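Coordinate analysis (summary)
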Amino acid sequence: MKITVIGTGYVGLVTGTCLAEMGNHVVCLDLDVEKIRILEDGGIPIHEPGLLDMVTRNRAAGRLQFTTDIVSAVNHGTLQFIGVGTPPDEDGSADLKYVLAAARNVGRHMTDYKVVINKSTVPVGTGEKVRAAIAEELKQRGSTVDFAVVSNPEFLKEGAAVEDFMRPDRIVVGADDERAILLMRALYSPFIRNHDRLLVMDIKSAEFTKYAANSMLATRISFMNELALLSEKVGVDIELVRKGIGSDPRIGYHFLYAGAGYGGSCFPKDVKALITTANQNGIELQVLQAVEAANERQKHILVDKIVARFGEDLRGRQVAIWGLAFKPNTDDMREAPSRVVIAELARRGAKLKAYDPVAIPEARRVMSDVPGLSFVDNQAQALEGSDALVVLTEWKEFKSPDFELIKSSLKQPVVIDGRNLYDPDLMLALGIEYTGIGRSAKPRA
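The structure reproduced in this document is the subject of the present report. (Residues numbered from 1 in each chain as written. Predicted model: local features only at pLDDT ≥ 70, side-chain atom pairs only at ≥ 80, totals over all residues. Heavy atoms only, no water.)

1. A few points about the overall build of the protein
- Counting secondary structure elements, the protein contains 18 helices and 14 strands.
- Projecting the C-alpha coordinates of the protein onto the three principal axes gives extents of approximately 80 × 45 × 45 Å.
- In the protein, which comprises 445 residues, the share counted as buried stands at 54%.
- Considering only intrachain contacts with a sequence separation of at least 6, the fraction spanning at least 24 residues in the protein is 73%.
- Entry remark: accessible area of the protein is about 19,700 Å², with carbon and sulfur atoms responsible for 52%.
- Distance from the positive charge centre (54 side chains) to the negative charge centre (59 side chains) of the protein: 2 Å. (Helix = DSSP H or I, 4+ residues; strand = E, 2+ residues; numbered from the N terminus. Buried < 20%, exposed > 50% of the residue type's maximum accessible area, 1.4 Å probe, protein only. Contact = heavy atoms within 4.5 Å. Areas by Shrake-Rupley, 256 points an atom, 1.4 Å probe, with all protein chains shown as cover. Lys, Arg positive; Asp, Glu negative; His and termini not counted. Charge placed at Lys NZ, Arg CZ, Asp CG, Glu CD.)

This is the structure we're talking about:
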């Protein structure tokens, strides 16, 4: 199939590349000249495991191309994927200006049947707005060319997006046009040959499904974080509780890890957007409001633990930071708990030495104004001369560190673990003063 993907950010680039991998001819359009230059020069503008190799392979095969030319891109694909950003507006709602601009460009330049597929995360009712925008452009041209609008939300995890796209657990298609549905089935059939995972529904339900999914996952995280706070008060190990409830098949183990709070480009934005949609329709989503409030509180919990240990005035103190990205296998710093922790510690006068395997360039960009913050090249450099180690991202290389190096490098062996990577009893045996989230070493009899 000939496919156009509008937007070469996280969603658009992964979508276009994975579709090209299955033999389709894909043109990716972006008006950001710098992004297209990076892609044309053989790089990618985001960090995503496995993506660069796949882009390189499909460019070499001639199946994947990049352009800033709107007219040629619209003319190319029968299927026109919209994968542009929907940043939160001032009131918390999703800003649709980029989505609707993309739709208008399709309507302005299309000369034959198109299926316009919304891959961006958008509020309920956006499909109707996209349809109206295209129809208006066609009317101004005096054109009667037929088209269809489809909602096809993405369910990709940052850090595992290529795997998720190539082996989906479900593909949601919202459509009311039989021809469009047939084309979508044909497009995705190579991805689901072993088991049909394609769910066809109306457009509004498809749009809602995406928000509901992310809000449910965010709810699980905030719920466990609240239980972790209570666990600390009553002497319970939240990790044991996680295993106890996760073994129930009705609950499962996913997204039950207590930690420093969720972040990234999806959960915070989508929870806020769903709350706003509800308010606009006279409904108060009390559970989601609590989820959001609990998450904001959780981002400050590690700061509270450091203050409890060292005092409110942190002048003269140095803190080692392991992990900056909101999760491993990405360089995404959007809404990352590290940003709150670092800002609060710096405000109290602490110096900070931060290390992350991938996210330092992005962290430099978004935290350039934080006083006393420096970035180092490895874990050991962050430890040198620091009063404590704070772990904020669960990168694999942090999971089994050299504990003797930690003890010898820190002024005092204090580890504050925001991702519960280490066993409290082991740390106690090693002579390390350890604080996790909802966990503590059990005193020996």
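From this point, the discussion proceeds with the structure in view.
2. Some remarks on a nonpolar patch on the surface
- On the surface, L230, V234 and V236 cluster together into a nonpolar patch covering about 250 Å² of accessible area.
- Within the fold, L230 resides in helix α9 (residues 203-234). (Patch = residues over 30% accessible without salt bridge, like charges linked within 9 Å, V, L, I, M, F, W, Y side chains within 5 Å. Salt bridge = Lys/Arg side-chain N within 4 Å of Asp/Glu carboxyl O.)

3. Examining the packing of aromatic side chains
- One pass over the structure, following the stated rule, counts nine aromatic pairs.
- The interplanar angle of 80° and the centroid separation of 5.5 Å between the aromatic rings of F165 and F191 together place this pair among those described as edge-to-face. Here F165, found in helix α7 (residues 161-166), pairs with F191, found in the loop between α8 (178-188) and β8 (198-201); they are 26 residues apart in sequence, far enough to count as distant. The same class applies to F165 and to F191, which are both buried.
- Ring plane angle 45° and centroid distance 6.0 Å describe the contact between F255 and F267, whose orientation is recorded as tilted. With F255 in the loop between α10 (238-246) and α11 (267-280) and F267 in helix α11, the pair connects residues that are twelve residues apart, well separated along the chain.
- Above the ring of F310, the side-chain terminus of R309 is found at 4.8 Å from the ring centroid. (Phe/Tyr/Trp six-rings, centres within 6.5 Å; stacked < 30°, edge-to-face > 60°. Lys NZ or Arg CZ within 6 Å of the ring centre and 35° of its normal.)

4. Considerations on the pairing of strand β7 (residues 171-174)
- Burial along β7 is two-sided: the face carrying I171 and V173 and the face carrying V172 and G174 are both buried.
- With four bridges joining them, β7 and β8 adopt parallel strand pairing. Note that in β8 the partner of V173 across the bridge is V200.
- Handedness of the β-α-β unit built from β7, α8 and β8 comes out right-handed. (Pairing = 2+ DSSP bridges. Right-handed = clockwise from strand over helix to strand, strands pointing away.)

5. Regarding the pairing of strand β10 (residues 351-355)
- Most of β10 sits out of view: four of its five residues are buried.
- Across five bridges, strand β9 (residues 318-322) lies against β10 in parallel orientation. Within β10, the residue paired with I321 across the bridge is A354.
- One crossover worth recording links β9 to the parallel β10 by way of helix α14 (residues 337-347), and it is right-handed.
- Across three bridges, β10 lies against strand β11 (residues 373-375) in parallel orientation. Note that in β11 the partner of L352 across the bridge is L373.
- Traced from β10 through helix α15 (residues 360-366) to β11, the parallel crossover comes out right-handed.

6. Quick look at the pattern of salt bridges
- What the rule picks out here adds up to 33 salt bridges.
- Linking R131 and D176 is a salt bridge whose minimum nitrogen-to-oxygen distance equals 3.3 Å. With R131 in helix α6 (residues 126-141) and D176 in the loop between β7 and α8, this pair connects stretches of sequence that are 45 residues apart.
- The class for R131 is partly exposed, based on a relative accessible area of 28%.
- Here R242 ties to E239 by a salt bridge, and the two come within 3.0 Å at their closest N and O atoms. Taken as a pair, R242 and E239 lie in helix α10 at a separation of three residues, close to a single helical turn.
- Owing to a relative accessible area of 7%, R242 belongs among the buried residues under this scheme.
- One network of salt bridges, with partners in common, ties together E312, E344, R347 and R348.

7. Side note on the sheet that holds strand β14 (residues 433-435)
- The strand order across the open sheet formed by six strands is β11-β10-β9-β12-β13-β14, and the pairing between neighbours is parallel. Each end of this open sheet is capped by a strand with a single partner; those strands are β11 and β14. Neighbour to neighbour, the strand axes of the sheet diverge by 20° on average, direction disregarded.
- With three bridges joining them, strand β13 (residues 414-417) and β14 adopt parallel strand pairing. Along β14, the bridge assignment pairs I416 with T435.
- Sitting on the sheet, helix α13 (residues 301-310) touches β12 (388-391), β13 and β14, and the angle it makes with β13 is about 160°. (Axes fitted to C-alpha atoms, helices over the stretch in contact; angles between N-to-C directions.)

8. Looking at unusual backbone geometry
- Phi angles above zero are rare outside glycine, and N329 is one such case at about 65°.
- Phi angles above zero are rare outside glycine, and E335 is one such case at about 60°.
- Looking at the secondary structure, you find E335 in the loop between β9 and α14.

9. Digging into the nonpolar core
- Counting residues in each nonpolar core, the largest one holds 61 residues, and the members touching the most others are I321, W322, L324, L345, M367, L389 and Y422.
- Per-element tally for this core: the top contributor is α13, with six residues.
- Look past the residues within four positions of I321 in its chain and what remains in contact with it is I342, L352, K353, A354, Y355, A382, V390 and L392.
- Formed by 42 residues, the second largest nonpolar core is a distinct cluster that contains I3, C18, F81 and I181. (Core = buried A, V, L, I, M, F, W, Y, C linked by side-chain atoms within 4.5 Å.)

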